Amino acid sequence: MAPPVPRPLPDPDRLGFSSLAVHVGERLPGFDTKPITTPIYSTVAFEAPSAAALDGVFEGTHPGYCYTRHGNPTCEALEETIARLEHGAGAIAFSSGMAALHGALLAAGVRSGDRIVSSQDIYGATQALFRDVMTPLGVETRYAPATDLVAFEQAVGAARPRVAFVETISNPLLRVADLAAVVAIARKAGAATIVDSTFASPRLSTPLALGADFVVHSTTKYLNGHGDATGGIVVCSNREALPTLRQVSKLVGGILGPFEAYLTLRGVKTLGLRMSRQCESARRIAERLAQHPGIERVHYPGLRSHPDFAIASRLLKDDLAGAVVSFALGRAGRAEVFRFMDALRLCCVGTTVGDIYSQLLYPAISSHRALSPEERQRLGIGDNLVRLSVGIEDPEDLIADLEQALEACRRPAGAGARS
Ligand SMILES: Cc1ncc(COP(=O)(O)O)c(C=O)c1O
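Residues numbered from 1 in each chain as written. Predicted model: local features only at pLDDT ≥ 70, side-chain atom pairs only at ≥ 80, totals over all residues. Heavy atoms only, no water.

Draft legend 1. Main features of the pairing of strand 7 (residues 232-236). Counting buried positions along strand 7 gives five out of five residues, so the element sits mostly inside the fold. Going residue by residue along strand 7, you find G232, V234 and C236 tucked away on one face and I233 and V235 tucked away on the opposite face as well. Pairing between strand 1 (residues 90-94) and strand 7: five bridges, direction antiparallel. Bridged to A91 within strand 7 is V235. Two elements, strand 6 (residues 214-218) and strand 7, share five bridges in a ladder whose sense is antiparallel. Paired with H217 across the two strands is I233, which belongs to strand 7. (Buried < 20%, exposed > 50% of the residue type's maximum accessible area, 1.4 Å probe, protein only. Helix = DSSP H or I, 4+ residues; strand = E, 2+ residues; numbered from the N terminus. Pairing = 2+ DSSP bridges.)

Here is the structure:
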């Protein structure tokens, strides 16, 4: 590629202070070398070599960029990478996982009068998106368990939805549905399938290869992996869906910033290594907790005791069953769980998953706070359930931290508080 030729400045000796301050550094000649990493293109607008070329960029007939909301090289490097890892035809990055979910619904053609059939075991904010944003726009959502294919097929058959929605690994009970069967059910009814694959990442599962139409990620989680950039992405199976998706991102405007794209792209480079390590540690922790007398129940799809063990073994690659472990503390209510949380030293108490840091979340006060205790109980989320996102720390250190906190939470109130 020829180095870009900058527009020549008028005679610098005749320019004033501010003109020089603004333009000199930007007009240095390009080099015939390429940086190994993708730079952060922190620019709103791009200059084309000629007005005719700029006209072509706007028209889409000339390669290049004109305005970052329409497209940016750092964001595009991330989009191409994730599209390839997900076996998709293309991808568009968004400013958050929620913006990506909204973008996918619009790109799938959801309009007033349409219906969505969603798996019932999904992220709370996604339920709120359906209820508080889509319902007022005239879009009805019906829920059915995607792990019960008969019930799911009945719901899809009755609703004739525009979209079937499911998560690859659900939160917090880590249910794993038979994605190929869900896609087949949706397709028979003429519905598109959107899969939120945030908890699996493309390291564990590639739903487009099973026939799904769109895959969504909160890149905030495993794809970035370092807890320092919020973002989302939609990958589509079909090239024809891409212009619609790009139009949605351009006009709704929830684009990913180039700095976040850079951080996420950097994170993706170690996704394979991180995910393998985190999943192996999670399995070890799940096995140890399952034998601990202070634990009532462990939810982990890599354990034979999990209801979706068989499907998870088939669906998730390389015998990796995810890096999140949920567990119920034995004979514990809110007070004991609080004492357990306060006693943790190595694991952070936080609200996210997928980071290199292990983080523990208490669904009853955070992700599922909006539900009544009865509703939580009905979903199997008791007041003694916690969710651990396993990081890259040494697994034996994490186990020791959990064990000492389990011990501490049995002591009288106050004795186990963080010092
Ligand atoms: C499964 C899932 N999808 C989507 C989201 C939303 O992502 P974000 O917080 O990046 O908007 C989350 C956030 O926790 C999530 O867990």
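Moving on from the model shown.
Draft legend 2. Local environment of the sheet that holds strand 9 (residues 324-329). With mixed pairing, the five strands of this open sheet are ordered in space as 8-9-12-11-10. The open sheet terminates on both sides in strands that have one partner only, identified here as strand 8 (295-299) and strand 10 (348-349). The sheet contact formed by strand 10 and strand 11 (residues 359-361) spans two bridges and is parallel. Note that in strand 11 the partner of V349 across the bridge is L360.

Draft legend 3. Representation of the site of the ligand within the structure. Taken together, the neighbourhood of the ligand is formed by S96, G97, M98, Y123, E167, D196, T198, F199, S218, T220, K221 and G231. Contact distances for the ligand include 2.9 Å between an oxygen atom and a backbone N or O atom of M98. For the ligand, an oxygen atom lies 3.4 Å from a polar atom in the side chain of Y123. Within the complex, 88% of the 390 Å² of free accessible area of the ligand lies under protein. Considering only residue class, the shell around the ligand consists of three nonpolar, six polar and three charged. (Near = heavy atom within 4 Å. Polar contact = N/O pair within 3.5 Å; in protein donor to acceptor, adjacent residues only side chain to side chain. Areas by Shrake-Rupley, 256 points an atom, 1.4 Å probe, with all protein chains shown as cover. Nonpolar A, V, L, I, M, F, W, Y, C, P; charged D, E, K, R; others polar.)

Draft legend 4. Summary view of the pattern of salt bridges. Under the defined criterion, the tally for this structure stands at 14 salt bridges. As a salt-bridge pair, D114 and R162 come within 2.9 Å of each other at their nearest N and O atoms. A residue pair is termed long-range when its members are at least 10 positions apart, and D114 in the loop between helix 4 (97-107) and strand 2 (115-119) and R162 in the loop between helix 6 (149-159) and strand 4 (163-167) qualify at 48 residues. A relative accessible area of 38% means that R162 is categorised as partly exposed. (Salt bridge = Lys/Arg side-chain N within 4 Å of Asp/Glu carboxyl O.)

Draft legend 5. Representation of the environment of K221. Among the secondary structure elements, K221 is positioned in the loop between strand 6 and strand 7. Residue K221 is classed as buried on the basis of its relative accessible area of 16%. Sequence separation between K221 and V353 is 132 residues, and the spatial gap between their C-alpha atoms is 5.7 Å.

Draft legend 6. Local environment of helix 13 (residues 334-343). Buried within helix 13 we find V337, R339, F340, M341 and A343. In this fold, the buried residues of helix 13 make contact with strand 9, strand 10, strand 11, strand 12 (385-389) and helix 15 (395-408). (Contact = heavy atoms within 4.5 Å.)

Draft legend 7. Expanded view of the packing of helix 4 against helix 5 (residues 124-134). Between helix 4 and helix 5, whose axes approach to 11 Å, the crossing angle comes to 55°. As judged from the angle between their axes, helix 4 and helix 5 are oblique. With respect to the hand of their crossing, helix 4 and helix 5 are arranged in right-handed fashion. Contacts between helix 4 and helix 5 involve M98, L101, H102 and L105 from the former and A125, T126, L129, F130 and M134 from the latter. Of the residues that constitute the contact of helix 4 with helix 5, the class distribution is seven nonpolar, two polar and no charged. (Axes fitted to C-alpha atoms, helices over the stretch in contact; angles between N-to-C directions. Parallel < 35°, antiparallel > 145°, perpendicular 65-115°, else oblique. Left-handed = near helix turned anticlockwise from the far one by under 90°.)

Draft legend 8. Local environment of the packing of aromatic side chains. With the rule as written, the count across this model stands at four aromatic pairs. With a centroid separation of 5.3 Å and 40° between ring planes, the pair formed by F46 and Y65 is classed as tilted. A residue pair is termed long-range when its members are at least 10 positions apart, and F46 in the loop between helix 1 (17-23) and helix 2 (51-59) and Y65 in the loop between helix 2 and helix 3 (73-85) qualify at 19 residues. Relative accessible area serves as the criterion here: at 17%, F46 is assigned to the buried category. Residue class for Y65 comes out partly exposed when judged on its relative accessible area of 24%. With a centroid separation of 6.1 Å and 85° between ring planes, the pair formed by F327 and F340 is classed as edge-to-face. Of this pair, F327 sits in strand 9 while F340 sits in helix 13; the two residues are 13 residues apart in sequence, bridging distant segments of the chain. Overall, the relative accessible area of 0% leaves F327 in the buried class. (Phe/Tyr/Trp six-rings, centres within 6.5 Å; stacked < 30°, edge-to-face > 60°.)

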